[in-house]
Amino acid sequence: MKLFLNKVIKFICYFYGTWLLLSLSINYIIDKNANFKFNKNIDKIIIGHSQPECAFNDSLIPNFKNLSKSAEAYFYNYQKLKKVLEQNPQIQEVFIEFNPTNIMAREDQKIWRDQFITRNLPHYYAFLEPKDHLLLARKNYLGYQHATLKSIGTNINRIINNNENFIDSIGGYHYLKSNKTQKILDTLTNSFQHEQIGTTANISSYDLNYLKKMVELCKERNKTVYLIRSPYHQKFVGNTYEAIFQKIKDEQYSSIPFLDFKDYKLHNDEFGDLQHLNYLGARKFSVWFNQKLQSNFDKQN
């Protein structure tokens with residue numbers, strides 16, 4: 001029995017040692033050769049989840065790049081931002097989506113829950129810091145193992161095919177055609193009310209730390225950073241969290257300019273749903289936003 005246990009322990013050590021060596025080697029190659037470079041004229045970027053992904057049509061905003069991606073937590077935004085700023089010194093302004101949905105505790109789950117880690121980790125695995133890996137492994141060890149194997153396979157494939165171009169896989173404007181807004185509104189009764197969220201027990205414990213890291217990174221690299229709230233419908237549930245959202249913004253990010261477009265006027269047929277603009281709304285908003293950019297805003301919207 002003792003001999004068997006020794007063999008099992010040796011096998012486990014060999015397996016994980018080989019895995020670690022292979023992972024480190026592949027990560028080194030990918031990190032060294034990864035291409036995050038944009039055209040030299042791009043000096044402004046926006047990063048966030050599905051709301052800015054659908055709101056900012058960067059084909060209508062000169063010198064501007066939308067790097068937002070659906071269901072991508074600040075944890076993954078941060079990995080992306082590191083490489084983008086490293087390889088694009090011409091970037092001067094960074095806009096980071098920040099709205100009430102970003103502060104909720106459920107955002108932490110988007111870091112390590114199975115469907116999110118499997119979807120996002122392969123894009124950024126080579127760029128994570130040791131403490132990032134530790135967080136994922138500690139919160140979802142089996143999911144992290146599965147996503148790591150997928151990440152290694154994805155990166156091996158990149159190396160074999162000489163494809164270290166990450167530009168097309170890290171986000172962009174999403175041309176949303178749908179218009180479900182009126183149908184959603186029809187399901188809401190006049191007496192419909194949301195439960196008010198008023199305690200920090202429902203607030204993110206992990207993901208908001210990566211928002212702070214993003215802000216700090218921008219400051220370290222002498223970039224102008226803005227927190228920005230994309231437009232959404234007045235009936236969107238995010239309005240329920242407004243009080244606690246404003247409290248967190250004022251307490252933790254008061255020194256960062258906040259561009260608030262929550263109440264930008266749009267018709268129901270210009271929303272895809274209560275949270276996202278469709279292509280009609282995005283076109284209208286993006287043209288207006290570009291005009292604001294050209295006039296250098298007023299720092300308070």
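Keep in mind the model is a prediction, meaning the values are calculated, not measured. (Residues numbered from 1 in each chain as written. Predicted model: local features only at pLDDT ≥ 70, side-chain atom pairs only at ≥ 80, totals over all residues. Heavy atoms only, no water.)

Examining the packing of aromatic side chains
Okay, so step 1: On inspection of all chains with the given rule, the structure shows 28 aromatic pairs.
Okay, so step 2: Ring geometry for phenylalanine 98 and tyrosine 253: centres 5.3 Å apart, planes at 65 degrees, overall edge-to-face. Residue phenylalanine 98 is found in the loop between strand 3 (93-97) and helix 4 (106-112), and its partner tyrosine 253 is found in the loop between helix 10 (242-252) and strand 5 (258-260); the two are separated by 155 residues along the sequence. An identical accessibility class is assigned to phenylalanine 98 and tyrosine 253; each is buried. (Phe/Tyr/Trp six-rings, centres within 6.5 Å; stacked < 30°, edge-to-face > 60°. Helix = DSSP H or I, 4+ residues; strand = E, 2+ residues; numbered from the N terminus. Buried < 20%, exposed > 50% of the residue type's maximum accessible area, 1.4 Å probe, protein only.)

Details of the pairing of strand 3
Okay, so step 1: Within strand 3, 5 of the 5 residues are buried, which leaves it mostly tucked inside the rest of the structure.
Okay, so step 2: Burial of strand 3 is two-sided: the residues Glu93, Phe95 and Glu97 facing one way and the residues Val94 and Ile96 facing the other way are all buried.
Okay, so step 3: Where strand 1 (residues 44-47) meets strand 3, 4 bridges bridge the pair, whose relative direction is parallel. Following the sheet pairing, isoleucine 45 is matched in strand 3 by valine 94. (Pairing = 2+ DSSP bridges.)

Things to note about helix 6 (residues 130-139)
Okay, so step 1: The complete set of buried residues in helix 6 reads Asp132, His133, Leu135, Leu136 and Ala137.
Okay, so step 2: Its buried side turned inward, helix 6 meets helix 3 (74-87), helix 4, helix 5 (114-124), helix 7 (141-160) and helix 9 (207-220). (Contact = heavy atoms within 4.5 Å.)

Digging into the packing of helix 5 against helix 7
Okay, so step 1: Relative to each other, helix 5 and helix 7 sit at 25 degrees, their axes nearing to 8 Å. The pairing of helix 5 with helix 7 is recorded here as roughly parallel in orientation. Viewed along their axes, helix 5 and helix 7 form a crossing whose handedness is right-handed. Facing Asp114, Ile117, Thr118, Leu121 and Pro122 of helix 5, the residues of helix 7 in contact are Gly143, Tyr144, His146, Ala147, Thr148, Lys150, Ser151, Thr154 and Asn155.
Okay, so step 2: When its residues are assigned to classes, the contact of helix 5 with helix 7 shows 5 nonpolar, 7 polar and 2 charged. (Axes fitted to C-alpha atoms, helices over the stretch in contact; angles between N-to-C directions. Parallel < 35°, antiparallel > 145°, perpendicular 65-115°, else oblique. Left-handed = near helix turned anticlockwise from the far one by under 90°. Nonpolar A, V, L, I, M, F, W, Y, C, P; charged D, E, K, R; others polar.)

Details of the pattern of salt bridges
Okay, so step 1: With the rule as written, the count across this model stands at 13 salt bridges.
Okay, so step 2: Among the ionic pairs, lysine 83 bridges to glutamate 86, the shortest N-O distance being 3.3 Å. Placement of both lysine 83 and glutamate 86 in helix 3 is noted, with a separation of 3 residues, approximately one turn of the helix.
Okay, so step 3: Judged by its relative accessible area of 45%, glutamate 86 is partly exposed.
Okay, so step 4: The partner of glutamate 242 in a salt bridge is arginine 229, with the nearest N and O atoms 2.8 Å apart. (Salt bridge = Lys/Arg side-chain N within 4 Å of Asp/Glu carboxyl O.)

By themselves these figures say nothing about function.
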